[in-house]
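# Close look at the chain arrangement
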Amino acid sequence: MNYIPILLLICVLTAGCRNKQESNSKQFGVLDTAHFILQANIREFASEIPDAFVGKLERKTLAYIAFACDCPNYVVLSDKDSNNLYREEFYIEPASENLIIPGELAYNMNEFELTGIITEENGWPSFNKFMDPDPPNGRVFTYWAYKVKRPYMFWGPLHYWIDSCGDTVESASRITVR
């Protein structure tokens, strides 16, 4: 049996990635993070507290947790039980559309200082966009003001780079604001 065609095929397939010892990958298209943050126009603070609610609202610091379900994903980080589970979990909803927290900020462990009230002890937010046809009930915290606590992270633009094998790789950039 003639092994030359098989050996030739193996050589051709492995030749494309022979320089794995090269220094780190090469990137192209420099990401100017300061410019991107300005362009993203991320609102770190918003407030529309009506006079009728002054003194009646509570302030909670909640963190976004990327649970893999349609469940209450805002928690009090410092409040865990003996099994390391969060005791206080909330759905959050803005009191008006002008107060919607930018979607880019739905990044695991970002913290928000929210001013509002618990409007539902065992239900769902009124604007729900659940994928699960029967999501779990939870506490709903309706807020009239929010402030993003620094440092926080958000997803930036796609970034392209060339790995050590010469392949172009696409990945999302993660931007930290301090």
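Residues numbered from 1 in each chain as written. Predicted model: local features only at pLDDT ≥ 70, side-chain atom pairs only at ≥ 80, totals over all residues. Heavy atoms only, no water.

Right, let's talk about the overall build of the protein chain for a bit. Scanning the protein chain from terminus to terminus reveals two helices and nine strands. Counted from the first residue to the last, the protein chain has its helices and strands arranged as α-β-α-β-β-β-β-β-β-β-β. Only carbon and sulfur atoms are counted for the fraction: they give 53% of the accessible area of the protein chain, which is about 12000 Å². (Helix = DSSP H or I, 4+ residues; strand = E, 2+ residues; numbered from the N terminus. Areas by Shrake-Rupley, 256 points an atom, 1.4 Å probe, with all protein chains shown as cover.)

Right, let's talk about the pattern of salt bridges for a bit. This structure, assessed with the given rule, holds seven salt bridges. The shortest N-O distance in the salt bridge between E44 and R150 comes to 2.7 Å. With E44 in the loop between helix 2 (33-40) and strand 2 (45-47) and R150 in the loop between strand 7 (138-148) and strand 8 (152-162), this pair connects stretches of sequence that are 106 residues apart. Note that R59 is salt-bridged to E113, the shortest N-O span being 3.6 Å. In this pair, R59 is assigned in strand 3 (residues 58-64) and E113 in strand 6 (residues 111-123), connecting sequence segments 54 residues apart. Accessibility expressed as a relative area gives 59% for R59, which makes it exposed. Counted as one network, the salt bridges with shared partners bring together E58, K60, E88, E121 and R139. (Salt bridge = Lys/Arg side-chain N within 4 Å of Asp/Glu carboxyl O. Buried < 20%, exposed > 50% of the residue type's maximum accessible area, 1.4 Å probe, protein only.)

Let us now look at the confidence of the model for the protein chain. Summary statistics for the protein chain give a mean pLDDT of 83 and a share of 83% for residues scoring 70 or more. Across the protein chain, the element-wise mean pLDDT spans from 52 in strand 1 (residues 26-27) up to 96 in strand 7. Here residues 18-25 scores under 50 on pLDDT; set against residues more than four positions off or in separate chains, the count is six contacts. (pLDDT = per-residue confidence, 0-100. Contact = heavy atoms within 4.5 Å.)

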